[in-house]
Amino acid sequence: MAVTDRTYARVDLRAVVSNYRSIRRTIGPHPEILAVVKADAYGHGGVAVARALEEQDCRRFAVACLAEAAELRDSGIGGEIAVLGGFLEGEEKMASELRLTPFVQDEGQVERWNRQARRADRRLPYHLEVDTGMSRCGFDDSDPERLAAVVRSAEYLSFAGLATHHAAAEDFTSPQCEEQQLRFLKVVSALAGRGLRPKYLHCANSVALAYRAELDMDLVRPGISLYGYVAAARGDAPASRLRLTPALEWKTRIQLVRPVAAGALVGYNGTYRTAAPTRIGVLSIGYGDGLDRRLSNRGEVVIGGRRCPIVGLVSMDIALVDLGNVPQAQPGDEVTLVGASLDAAEMASLLDTIPLEVLCRISKRVPRIYVS
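In this report, the structure presented in the accompanying data block is examined. Here the residue index of a chain counts from 1 through its sequence in written order. Local features in a predicted model are, by the rule used here, given only for residues with pLDDT of at least 70; side-chain atom pairs are given and counted only at 80 or more, and totals for whole chains, interfaces and linings are based on all residues. By convention in this description, side-chain values take in all heavy atoms of the structure and omit both hydrogens and water.

### Focus: the overall build of the protein
Here's step 1: For helices the rule is a DSSP run of H or I covering at least 4 residues; for strands it is a run of E covering at least 2, with both sets numbered from the N terminus onward. Of the regular secondary structure elements, the protein holds 11 helices and 20 strands.
Here's step 2: With respect to the principal axes defined by its C-alpha atoms, the protein has extents near 80 × 55 × 40 Å.
Here's step 3: Here the protein holds 372 residues, and the buried ones make up 52% of them.
Here's step 4: A contact between two residues is defined here by any heavy atoms of the two lying within 4.5 Å. Counted over contacts in the protein with a minimum sequence separation of 6, partners at least 24 positions apart contribute 67%. Relative accessibility decides the category of a residue: with a 1.4 Å probe and only protein chains considered, values under 20% of the type maximum give buried, values over 50% give exposed, and everything between is partly exposed.

Following this line, the structure appears as structure tokens:
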């Protein structure tokens with residue numbers, strides 16, 4: 001039986017490749033690129049994106065957890081796969097068998113990874129993460145002697161990288177980024193003074209790549225920029241160095257068209273009342289697909305090149321729109337939720353969030369259709 005996609009996301013892998021090439025042109029030939037494909041490549045499809053980037057000679061990918069890494073390996077993705085979230089106790093054997101490179105964030109992880117390397121009888125790589133001011137993940141940067149002791153204790157491991165993560169590289173109204181980088185460089189210097197220097201020093205995420213060339217170092221970690229977005233800078237900032245194209249369009253269709261009278265209540269709890277006779281479009285999409293319920297009576301969609309407001313409460317499988325702006329609209333017509341004329345950044349602004357959340361929330365129920 002044929003199944004018609006009630007809603008779907010079209011992912012243009014050509015745009016992902018174009019964004020990757022923009023990053024490469026921007027940073028030049030020296031820094032390596034660790035392409036972040038966690039969270040199913042921010043909703044774009046981790047395997048499909050990794051395969052497209054492998055064809056561009058990208059040989060390093062980053063995920064958040066072992067399950068994501070296993071999916072890539074099972075799909076034939078080679079090269080380095082770094083696990084940004086490290087690993088939980090008991091996952092070391094699987095991480096070793098999958099040939100992963102974990103970010104280690106405390107002494108226990110280093111000890112367990114070192115034991116696994118001894119059991120496997122081969123040197124296993126790791127990136128040591130240092131907390132320079134996010135109070136989140138990583139070793140305390142205030143005790144370089146302790147850090148040096150941790151690295152020296154890992155006799156069966158290969159010290160592949162030393163990393164930190166900037167909290168707000170796009171914010172030029174605050175000195176936080178500069179302060180974090182100064183703290184990171186002090187750690188680098190302290191370890192180098194003790195004869196410890198990894199292959200890669202790295203700290204640059206997408207916003208750092210866009211606005212702060214001085215943070216490129218040996219390796220960069222683009223995430224959302226691969227998919228066409230970067231946060232707007234705040235304060236006295238330079239223009240973005242990157243030229244990006246959003247890679248995902250999210251579509252649905254009109255399921256039904258209902259004429260309604262003036263004063264009619266629309267949707268659950270009657271949160272919207274029509275001001276005049278109009279037509280209501282019933283869309284085959286809801287929060288079960290990732291359309292945020294907070295778009296109720298606030299969001300818009302595009303039908304026939306015109307904006308139409310979302311009215312009433314978004315429910316699990318259905319959203320309603322006022323078709324007053326498109327009197328010609330009929331059942332079966334295509335509806336754009338995210339696209340060239342209404343991108344994820346605009347939807348995110350309505351929701352007081354970021355494009356990453358909008359894209360990551362598009363559920364597995366929404367099939368991805370790839371253009372390459």
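### Notes on the packing of aromatic side chains
Here's step 1: Here a Phe, Tyr or Trp ring, Trp counted by its six-membered ring, pairs with any other such ring whose centre lies within 6.5 Å, and the pair is stacked when the planes are under 30 degrees apart, edge-to-face when over 60, and tilted otherwise. Tallied over the entire structure, the rule returns four aromatic pairs.
Here's step 2: Ring centres of F87 and W113 lie 5.4 Å apart, and the angle between their planes is 45°; on these two criteria the pair is classed as tilted. In this pair, F87 sits in the loop between strand 5 (80-83) and helix 5 (92-97) while W113 sits in helix 6 (residues 107-120), placing the two residues 26 residues apart along the sequence.
Here's step 3: Measuring from centroid to centroid gives 6.5 Å for F172 and Y211, while their planes differ by 90°, and the two rings are edge-to-face. Here Y211 lies in helix 9 (residues 206-211) and F172 lies in the loop between strand 9 (157-163) and helix 8 (176-193), a separation of 39 residues in the sequence.
Here's step 4: Residue classification places F172 among the partly exposed positions, given a relative accessible area of 24%.
Here's step 5: With relative accessibility at 10%, the residue Y211 sits in the buried group.
Here's step 6: Sitting over a ring, as applied to charges here, requires NZ of Lys or CZ of Arg to be within 6 Å of the ring centre and within 35 degrees of the ring normal. Taking NZ or CZ as reference, R212 lies 3.9 Å from the ring centre of F172, over its face.

### Let's talk about the environment of I23
Here's step 1: Topologically, I23 is positioned in helix 1 (residues 13-27).
Here's step 2: Its relative accessible area of 0% is what places I23 among the buried residues.
Here's step 3: Considered as a pair, I23 and S225 are 202 residues apart in the sequence and their alpha carbons are 8.4 Å apart.

### Notes on the pairing of strand 18 (residues 319-322)
Here's step 1: Residues of strand 18 alternate between two faces, with A319 and V321 on one and L320 and D322 on the opposite face, all of them buried.
Here's step 2: A strand pair is defined by DSSP finding two or more bridges across the two strands. Bridge count between strand 15 (residues 278-283) and strand 18: four bridges; the pairing is antiparallel. Looking across to strand 18, one finds that V282 is bridged to L320.
Here's step 3: The pairing of strand 17 (residues 306-311) with strand 18 spans two bridges and is classified as antiparallel. Residue pairing for strand 18: V311 is matched across the bridge by L320.

### Comments concerning the packing of helix 1 against helix 3 (residues 46-54)
Here's step 1: For helices, the fitted axis covers only the stretch in contact; all axes are lines through C-alpha atoms, and the angles between them, taken along N-to-C directions, range from 0 to 180 degrees. Here helix 1 crosses helix 3 at 50°, and the two axes come no closer than 10 Å. When the interaxial angle is binned, helix 1 and helix 3 end up oblique. Relative to helix 3, the crossing made by helix 1 is right-handed. Across from L13, V16, V17 and Y20 in helix 1, the residues of helix 3 making contact are A48, V49, A52 and L53. Here the word oblique covers every angle except those under 35 degrees (roughly parallel), over 145 (roughly antiparallel) and from 65 to 115 (roughly perpendicular). By convention, the crossing between two helices is left-handed when the near helix turns anticlockwise from the far helix through less than a right angle, and right-handed when the turn is clockwise.

### Some words on the nonpolar core
Here's step 1: L128, L162 and I303 are the most contacted members of the largest nonpolar core, which has 111 residues in total.
Here's step 2: No other element matches helix 1, which puts seven residues into this core.
Here's step 3: For I303, the residues in contact, after removing those within four places along its chain, are I254, C308, V321, L323, V326, A329, E334 and V335. Nine residue types can take part in a nonpolar core, namely buried Ala, Val, Leu, Ile, Met, Phe, Trp, Tyr and Cys, and a core is a set of them joined through side-chain atoms within 4.5 Å.

### As for helix 8
Here's step 1: Taking 1.5 Å per residue, 18 residues should reach 26 Å; helix 8 reaches 26 Å between its end C-alpha atoms and fits that length.
Here's step 2: Among all positions of helix 8, only C177, Q180, Q181, F184, V187, V188, A190 and L191 are buried.
Here's step 3: Residues of helix 8 that are buried make contact with strand 7 (124-131), helix 7 (144-153), strand 9 and strand 10 (200-204). Here a helix's expected span is defined as the number of its residues, less one, multiplied by 1.5 Å.

### Some points on the side chain of S22
Here's step 1: Relative to the elements of secondary structure, S22 occurs in helix 1.
Here's step 2: Excluding residues that lie within four positions of it along the chain, S22 makes contacts with L242 and R243.

### Regarding unusual backbone geometry
Here's step 1: Of note, D57 is a non-glycine position whose phi angle comes to about 70°, a positive value.
Here's step 2: Secondary-structure assignment places D57 in the loop between helix 3 and strand 4 (60-63).
Here's step 3: If you check the backbone angles, R99 has positive phi at about 60° while not being a glycine.
Here's step 4: For R99, the position within the fold is in the loop between helix 5 and strand 6 (100-104).

### Considering the side chain of Q116
Here's step 1: Examined against the element boundaries, Q116 turns out to sit in helix 6.
Here's step 2: Residue classification places Q116 among the buried positions, given a relative accessible area of 6%.
Here's step 3: Those residues within four positions of Q116 in sequence are excluded, and the remaining contacts are E92, K93, S96 and L124.

### Let's talk about the environment of A82
Here's step 1: Here A82 is to be found in strand 5.
Here's step 2: Between the alpha carbons of A82 and L34 there is a distance of 8.3 Å; along the sequence they are 48 residues apart.
Here's step 3: The contact partners of A82, leaving out residues within four places of it in the chain, are L34, F61, A62, V63, T101 and F103.

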